[in-house]
Amino acid sequence: MKKFVLALGAISALVVAQANAQTVIADTDGNGVYSMEELVVSFPDLTAENFAAADTNADGSIDMEELAAAVEAGHIPA
């Protein structure tokens, strides 16, 4: 029983560490895309130039596909 509790504790610690490593981005207005204001909360080093580079369709917002591509390309510091 003691080994089970220790193993469960170790697994829980790993899950919590992984959850904390992921950046949470809030879509505060609920429109399904992210504005500069919404992203800068999670990415304080985000510049207007980085946002513009990530906004590939130039609609003034970043959707999930643009966000993933921008993080991968280094336009948005992860």
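Residues numbered from 1 in each chain as written. Predicted model: local features only at pLDDT ≥ 70, side-chain atom pairs only at ≥ 80, totals over all residues. Heavy atoms only, no water.

A.B. asks: What's the story with the overall build of the protein chain in this structure? I'm lost.
C.D. replies: Within the protein chain one finds four helices and zero strands. Starting at the N terminus, the α and β elements of the protein chain follow one another as α-α-α-α. In the protein chain, which comprises 78 residues, the proportion classed as buried is 22%. Contacts in the protein chain between residues far apart in sequence, at least 24 positions, make up 30% of those at least 6 positions apart. (Helix = DSSP H or I, 4+ residues; strand = E, 2+ residues; numbered from the N terminus. Buried < 20%, exposed > 50% of the residue type's maximum accessible area, 1.4 Å probe, protein only. Contact = heavy atoms within 4.5 Å.)

A.B. asks: Could you clarify how one ought to interpret the nonpolar core in this entry?
C.D. replies: One recurring pattern in soluble globular proteins: nonpolar side chains tend to sit buried together. Among the nonpolar cores identified, the biggest contains 11 residues, and these are I25, Y34, L39, F43, L46, F51, A54, I62, L67, A70 and I76. Elements represented by at least two residues in this core include exactly α3 (48-54) and α4 (64-73). The contacts of A54, once residues within four sequence positions are left out, are I62, E66, A70 and I76. (Core = buried A, V, L, I, M, F, W, Y, C linked by side-chain atoms within 4.5 Å.)

A.B. asks: Would you mind showing me how to read the environment of D55 here?
C.D. replies: You can see D55 is positioned in the loop between α3 and α4. Once the C-alpha coordinates of D55 and E66 are considered, the two residues, 11 residues apart in sequence, prove to be 6.5 Å apart. The contacts of D55, once residues within four sequence positions are left out, are G60, S61, I62 and E66. Here the side chain of D55 touches G60 through a polar contact of 2.8 Å, landing on its backbone nitrogen. (Polar contact = N/O pair within 3.5 Å; in protein donor to acceptor, adjacent residues only side chain to side chain.)

A.B. asks: Any chance you could explain the confidence of the model for the protein chain here in plain terms?
C.D. replies: Put simply, the protein chain has an average pLDDT of 80, and 73% of its residues get 70 or more. Segment residues 4-10: pLDDT under 50, and zero contacts once partners within four positions in sequence are set aside and those in other chains are kept. Scored below 50 in pLDDT, residues 12-20 makes zero contacts in the model with residues more than four places away or belonging to other chains. (pLDDT = per-residue confidence, 0-100.)

A.B. asks: How should α4 be read in this particular structure?
C.D. replies: If you check which residues of α4 are buried, you get E66, L67 and A70. Down the axis of α4, the buried set is contained in an arc of 100 degrees. They therefore lie on one face. Among the exposed residues of α4, those pointing more than 90 degrees away from its buried face are E65 and E72. Looking at the buried residues of α4, the elements they touch are α2 (36-42) and α3. Positioned one or two residues after α4, G74 has a phi angle of 85 degrees, which is positive. (Arc of directions from axis to C-beta.)

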